[in-house]
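# Structural overview
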Amino acid sequence: MSNAKVQISNQAQISKHKWAAFLIFRHLSFPWHLDFAFELEGLKMELVFKRPECLIDVPFHFCPGCHHGIAHRLVAEAIDYFKIREKTIGVASVGCSVFMYDYFNIDVLEAPHGRASAVASGVKRARKDLIVFTIQGDGDLGAIGIGEGIHTANRGENITLIFANNGIYGMTGGQMAPTTLLGQKTTTSPYGRDFTYDGYPIRMAEMMATLEGSAFVARVAVNNPANLMKAKKAVRKAFQMQVEEMGFSFVEILMSCPTNWGLSSLEANRRVEEEMIPYFPLGILKERKMADYL
Amino acid sequence: MDQNLEKILVRGNEAVAMGAIDAGCRLFFGYPITPQNEIPEYLSKHLPPLGGEFIQAESEIASINLLLGASATGARAMSSSSSPGISLMQEGISYMAGSELPAVIVNISRSGPGLGGISASQGDYFQATRGGGHGDYRMIVLAPSTVQEMYDLTCLAFDLSDKYRNPAMILGDALIGQMKEPLIRRKPQQMDLPPKDWKLTGAKGRKPNKIKSLYLQEGELTEHNWKLYQKYEKMKEEEVRFETVNTEDARFVIAAFGSMARVSKTAMELAREEGMKVGLFRPITLFPYPEKALYDISTRVKQFLTVELNTGQMVEDVRLSVGRDAQVFFYGKPPGALPPPEEILEEIKKYY
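Since the structure is predicted, the reported quantities are computational estimates derived from the model, not experimental observations.

## Re the overall build of chain A
Each helix and strand counted, chain A has eleven helices and eleven strands in total. Looking at chain A as a whole, 52% of its 294 residues are labelled buried. The contacts of chain A with a sequence gap of at least 6 include a subset with a gap of at least 24, amounting to 69%.

This is the structure in structure tokens:
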């Protein structure tokens, strides 16, 4: 079984991933706060890229190379796209995602560990005119809150759940998660995850797709520009499903955790491609074309 | 809502459900457990026609978190359960106390520990009045002893929880929940309540509202805990409720709450018939506990008998409340059988 600390030998691979990391770095580090729609003596420059309106202009606390900030941006872009910032409620889960309220310029409610989808359902049932989403990590959704997650999907709650899967407990310091890959070393699987002791990594998207209540289920990654564009589409689609009252929408985003994987940002990106994606295949698993009440 | 002033014969649990509806609660989340099932059953039938929502959740954990979410929008919402289910809700209750979210939670308690049984018990007194979950917080706890009070106090619980932005609990038991008594469904007048400017409705034309219980900055959490403490102190000043019967001339007072107050009342009457000057002290709010009222009585009365359906929980509050020269005796009946009034009378005679 492979170890998280992979040896990099292929020079071509390195340059490919360097390029991907560079693009992602650009994506994250661009000075969004500068409004560069300036006019120069009759020369009009069109604004083509800026910080989404519903992101607050503060630096993320996420570690260098972490994909969490990208997920935030994708969600923010979707909210802006549908012009729903003023009626969107975010539900912060417990984990690295908890500080959502520091970044999104929207109303935010904090949920107990694992309960974000139940909390989000409660908000939605009380106010069906609002748009409700949550970003849950793999510990939050795949372990302690798996019951709430499954039943939220099964009830077809018209909310959007973004599942941040980096295969590790990031905030608590790198313990084994339900999605930790076999052989992967973590602080609580120091010999590598062994299915005879720890069971197998859970494929949440596939499980969610089996439930009649789910309307849209996709798994995406943001480790290179091509995947990032697909991820952007999927997240937007998930919000569209909610706006159109189609039912429960779910996007699993494969993410890196360079800090707790013990890898550089570059190596972590490569690991997403070479180790995570083969076990957690990307794609749209389910897309309802018509609301089930129609 | 029609104000039906006719007397109707209903079960205690139904009275709770009716009280919730009349208090404007339109959202209910619960999970089946005996002996409180009449509450979700009634509301599953009556909420949808009123435009409300009923969810039978997959667990009490989900129920309490659905409640948390609904409450954050400013809506009146409720959940009910019984002892083991209430244990599962403690995490969510702690979060709601920490996040300052109002909600009503009904515990039609049964007996424990563990699976225990379905007979009436007052074994959840500590859990209800001491916070129950993690952290330094309190819940408003109301203990009805009649079907009428099941209705009235449920209405009150919604007002109090909104007033203080704090979860409130109705602590009944299998006896009060299951028995039928006449009820006058007279909707109490709602308190003047502060506007819910904290609620989550979408950040339209205002700064985003954040509802959370995580405070990591130096000093923030200390300040937050003191703020909560001040709220509990204010409850002690303003919200204490209790009933006294024959305490004016009494030289011996029984202290009991909920179902045991009913049996104790009969025992008191039997004692009076035999010429003993016995009174009854019944706290209605278990938190805030009527400490001052009990202390005042103890300046005249020097003997107290606490009667409970457990091995001794509220007796601690009675002992903490009364003056140092007062004697506090305890008669407990762990779950299984209710003591008849005669049994309590015998106990009174031992000390009177």
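On we go from here.
## Focus: the overall build of chain B
On a plain count of helices and strands, chain B comes out with twelve helices and 15 strands. In terms of its C-alpha atoms, chain B occupies a principal-axis envelope of roughly 70 × 50 × 40 Å. Relative to its full complement of 352 residues, chain B shows a buried share of 55%. Of the contacts made within chain B by residues no fewer than 6 positions apart, 79% connect residues no fewer than 24 positions apart.

## Observations regarding the domain arrangement of chain B
Residue and element names in this part refer to chain B. As assigned here, chain B comprises domain 1 (4-191 + 213-238) and domain 2 (242-351). Here domain 1 and domain 2 have C-alpha centroids that lie 26 Å from each other. Residue-level contacts link 27 residues of domain 1 with 21 residues of domain 2. Going through the elements one at a time, α5 (125-129), β6 (140-142), β7 (167-173), α7 (174-178) and α8 (220-238) are the ones with two or more residues in the side of domain 1 that touches domain 2. The leading source of residues in the side of domain 1 that touches domain 2 is α5, at four residues. For the side of domain 1 that touches domain 2, a count of residues per class yields 14 nonpolar, ten polar and three charged.

## Quick word on the sheet that holds strand β11 (residues 283-287) of chain A
The sheet built from eight strands is open, its strands ordered β11(A)-β9(A)-β10(A)-β6(A)-β5(A)-β3(A)-β4(A)-β9(B) with mixed pairing. Two strands close off the open sheet at either side, each with one partner strand: β11 of chain A together with β9 (210-211) of chain B. Direction of pairing for strand β3 (residues 88-92) of chain A relative to strand β4 (residues 107-110) of chain A: parallel, over a ladder of four bridges. Its bridge partner being in β4(A), I89(A) is matched across the sheet by D107(A). Across the face of the sheet, helix α2 (residues 68-81) of chain A comes into contact with β3, β5 (131-137), β6 (160-165) and β10 (248-254) of chain A while running at roughly 165 degrees to β6(A).

## Remarks on the confidence of the model for chain A
Residues and elements named next belong to chain A. Of the residues in chain A, 84% have a pLDDT of 70 or more, and the chain-wide mean is 89. Counting interchain partners and residues more than four positions distant, the pLDDT-below-50 stretch residues 1-12 has 20 contacts. Predicted confidence for residues 31-39 stays below pLDDT 50, and this span has ten contacts to residues more than four positions away or in other chains.

## Notes on the nonpolar core
Among the nonpolar cores identified, the biggest contains 191 residues, and V123(A), I162(A), I253(A) and L142(B) are the most heavily contacted of them. If you count residues domain by domain, this core takes at least three from each of domain 1 (4-191 + 213-238) and domain 2 (242-351) of chain B. Discounting residues that sit within four places of it in the chain, I253(A) has contacts with A71(A), I162(A), F163(A), A164(A), N165(A), V220(A), A221(A), V222(A) and A231(A).

## Some thoughts on the interface of chain B and chain A
Between chain B and chain A, the contact holds 33 residues from the first and 28 residues from the second. Counting only elements with at least two residues in the side of chain B that touches chain A, the list comes to β3 (53-56), α3 (60-72), α4 (83-99) and β9 of chain B. The element contributing the most residues to the side of chain B that touches chain A is α3(B), with nine residues. Where β4(A) and β9(B) come together, two bridges link them in parallel fashion.

## A look at the sheet that holds strand β15 (residues 327-332) of chain B
All names here are of chain B. What the five strands build is an open sheet, ordered β10-β12-β11-β14-β15; its pairing is mixed. This sheet does not close on itself; its edge strands, each paired only once, are β10 (242-245) and β15. Recorded for the sheet is a direction-independent mean angle of 20 degrees between the axes of neighbouring strands. Along the sheet, helix α9 (residues 258-273) makes contact with β10, β11 (252-255), β12 (278-283) and β14 (303-308), crossing β12 at roughly 165 degrees. Packing of helix α11 (residues 314-321) onto the sheet brings it into contact with β11, β14 and β15, and relative to β14 it is tilted by some 160 degrees.

## Focus on the environment of E46(A)
Take E46(A): it is sitting in the loop between β2 (43-44) and α2. Residues E46(A) and L211(A), 165 residues apart in the sequence, show an inter-C-alpha distance of 45 Å.

## As for the pairing of β3(A)
All names here are of chain A. In terms of burial, β3 is a largely internal element, five of the five residues being buried. Side chains T88, G90 and A92 project from β3 onto one buried face, and the interleaved I89 and V91 project onto a second face that is buried too. Bridge count for β3 against β5 is five bridges, and the pairing is parallel. Across the sheet, the residue bridging to T88 is I131, located in β5.

## As for helix α9 (residues 225-243) of chain A
Residues and elements named next belong to chain A. Its 19 residues give α9 an end-to-end C-alpha distance of 27 Å, which sits within 8% of 27 Å, the value for a rise of 1.5 Å per residue. For α9, every residue scored as buried is listed here: L228, A231, A234, V235, A238, F239, M241 and Q242. With its buried residues spanning 150 degrees around the axis, α9 presents them on a single face. Facing away from the buried side of α9, by more than 90 degrees, are the exposed residues A226 and M229. Packing partners of the buried residues in α9 comprise α2, β5, β6, β9 (214-221), β10 and β11. Note on α9: the residue one or two positions beyond its end, E245, has a positive phi of about 55 degrees.

## Some remarks on the environment of G114(B)
Inspection of the secondary structure puts G114(B) in the loop between β5 (103-109) and α5. Separated by 31 residues in sequence, G114(B) and S83(B) have C-alpha atoms that sit 9.1 Å apart.

About the cut-offs
- Position numbers for residues count from 1 along each chain, tracking the sequence in the order it is written.
- Chain labels run from A onward and ligand labels from 1 onward, assigned in the order the entries are written.
- Side-chain atom pairs in this predicted model are given and counted only at pLDDT of 80 or more, local residue features only at pLDDT of at least 70, and totals for whole chains, interfaces and linings cover all residues.
- Comment: elements are numbered from the N terminus, with helices defined as DSSP H or I runs of at least four residues and strands as E runs of at least two.
- Partly exposed residues are those whose C-beta has more than 12 but fewer than 20 other C-beta atoms within 10 Å; with 20 or more the residue is buried, with 12 or fewer it is exposed, and the C-beta atoms are placed from the backbone.
- Think of it this way: build a C-beta for each residue from its backbone, and any pair within 7 Å is a contact.
- Segmentation of the chain into domains, including their bounds, is taken from an automatic or database domain assignment.
- Each residue gets one of three labels, nonpolar for Ala, Val, Leu, Ile, Met, Phe, Trp, Tyr, Cys and Pro, charged for Asp, Glu, Lys and Arg, and polar for the others, Gly among them.
- Only strands joined by at least two bridges in the DSSP assignment are considered to pair.
- Only C-alpha atoms enter the line fits that serve as axes; for helices the fit covers just the stretch in contact. Angles between N-to-C directions range over 0 to 180 degrees.
- In predicted models, pLDDT denotes the confidence assigned by the predictor to each residue on a 0 to 100 scale.
- Throughout this description, the term nonpolar core refers to a group of buried Ala, Val, Leu, Ile, Met, Phe, Trp, Tyr and Cys residues whose C-beta atoms join them within 7 Å.
- Helices are assigned an expected span. That span is 1.5 Å times one less than the residue count.
- To obtain the arc, one takes the directions from the helix axis to the C-beta atoms.

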